[in-house]
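Inside the fold
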Amino acid sequence: MALLIENLKKSFAAPDGGVVNVLDVARFELADGEQVALLGGSGTGKTTLLHAIAGIVAADSGRVSLDHSGNAVNLTQLSEAARDVFRGQNIGYIFQTHHLLPGFSAMENVLLGMSFTGRRADREWAKHLLVEVGLADRLDYKPEKLSVGQQQRVAVARALANRPRLVLADEPTGALDPSTAQQVLNLIRKLCTEIKASLILVTHDMTIASQLDRVVRLDELNEKSRQETGVKRQE
Ligand SMILES: Nc1ncnc2c1ncn2[C@@H]1O[C@H](COP(=O)(O)OP(=O)(O)O)[C@@H](O)[C@H]1O
Ligand SMILES: [Mg+2]
């Protein structure tokens, strides 16, 4: 699924009553099926940008346009409920730490990922995903009985459960050792390619970032819009 962001702004109210301007992105484009790394220091707004793309938070202004087979949907114009439905059907989200439901097996966690769309749970697909991420012999294990790397593999399988058209991964390898991180990255890329999903993967690890199709720096995206506004002010 292709993505086009234009003039996206997001600020938060600061505890002292002021305003923190976090995002001011003039333009960001992602082609259908493209796999991009989003790089940026801590606190630069990477998570906020992913939240705006997923429709978890509403932007203050601008366009977040997601295009699938010629139908463009501008998320900033949808209600929260409509954004939730759109996300459930089109977007897969992977967090830095797994966010799996304790007390439910790997298989159940993936099946629960399917339950939000109203479609029938597809056990075959859930099993295929868990086999693909190397957990064929761990289907009935609960998260607390899995290693951190295995937990993150389940989270990858769960994010892909609804065959999303766009996968957003927020520092998915940040809590993993280098070799496990590499394996998890490989799995994310392989599965996104298999289901033809686009991917935005947030990281501050250049070894990880440089393996994707393109590296985008969030500070440059924000800086570019500052420069463009500056030019306008001088006119
Ligand atoms: N709900 C919120 N209320 C106020 N400030 C927030 C909120 N969420 C994030 N921020 C601020 O926005 C900035 C960017 O946060 P975040 O997107 O989490 O950065 P990153 O993921 O790049 O580390 C930070 O300075 C943070 O304090
Ligand atoms: Mg973050």
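Up top is the structure these notes are about.
Residues numbered from 1 in each chain as written. Chains lettered and ligands numbered in written order. Predicted model: local features only at pLDDT ≥ 70, side-chain atom pairs only at ≥ 80, totals over all residues. Heavy atoms only, no water.

Turning next to empty space enclosed by the protein. Tallied over the entire structure, the rule returns one cavity of 30 Å³ or more. In this structure, the largest cavity spans a volume of roughly 40 Å³. Lining the largest cavity, in full, are Ala52, Gly55, Val57, Ala58, Ala59, Val64, Leu75, Thr76 and Arg83. For the lining of the largest cavity, the residue count by class is six nonpolar, two polar and one charged. (1 Å grid on protein atoms, 1.4 Å probe; cavity = no way out; pocket = protein on both sides within 12 Å on 5 of 7 lines; lining within 4 Å. Points joined across faces, edges and corners; volume = space filled by probe spheres on them. Nonpolar A, V, L, I, M, F, W, Y, C, P; charged D, E, K, R; others polar.)

What follows covers the site of ligand 1. Taken together, Phe12, Ala13, Val22, Gly41, Ser42, Gly43, Thr44, Gly45, Lys46, Thr47 and Thr48 make up the full set of residues adjacent to ligand 1. A distance of 2.8 Å separates an oxygen atom of ligand 1 from a polar side-chain atom of threonine 47. Burial of ligand 1 by the protein chains amounts to 59% of its free accessible area of 570 Å². Of all elements in the fold, only strand 1 (2-13) and helix 1 (46-54) reach the threshold of two or more residues within the shell around ligand 1. Tallying contributions element by element places helix 1 first for the shell around ligand 1, with three residues. (Near = heavy atom within 4 Å. Polar contact = N/O pair within 3.5 Å; in protein donor to acceptor, adjacent residues only side chain to side chain. Areas by Shrake-Rupley, 256 points an atom, 1.4 Å probe, with all protein chains shown as cover. Helix = DSSP H or I, 4+ residues; strand = E, 2+ residues; numbered from the N terminus.)

By the bridge criterion, 10 bridges tie strand 1 to strand 2 (residues 19-30) in an arrangement that is antiparallel. Bridge assignment links leucine 3 to a residue of strand 2, and that residue is leucine 30. A loop of five residues connects strand 1 with strand 2, the two strands running antiparallel in sequence, and glycine 17 in this loop sits at a positive phi of about 95°. (Pairing = 2+ DSSP bridges.)

Before going further, it helps to examine the environment of leucine 191. With respect to the helices, strands and loops of the structure, leucine 191 is situated in helix 6 (residues 178-194). On the basis of relative accessible area, leucine 191 is assigned to the buried category, the value being 2%. Sequence spacing of leucine 191 and tryptophan 125 is 66 residues, and the spatial spacing of their C-alpha atoms is 12 Å. (Buried < 20%, exposed > 50% of the residue type's maximum accessible area, 1.4 Å probe, protein only.)

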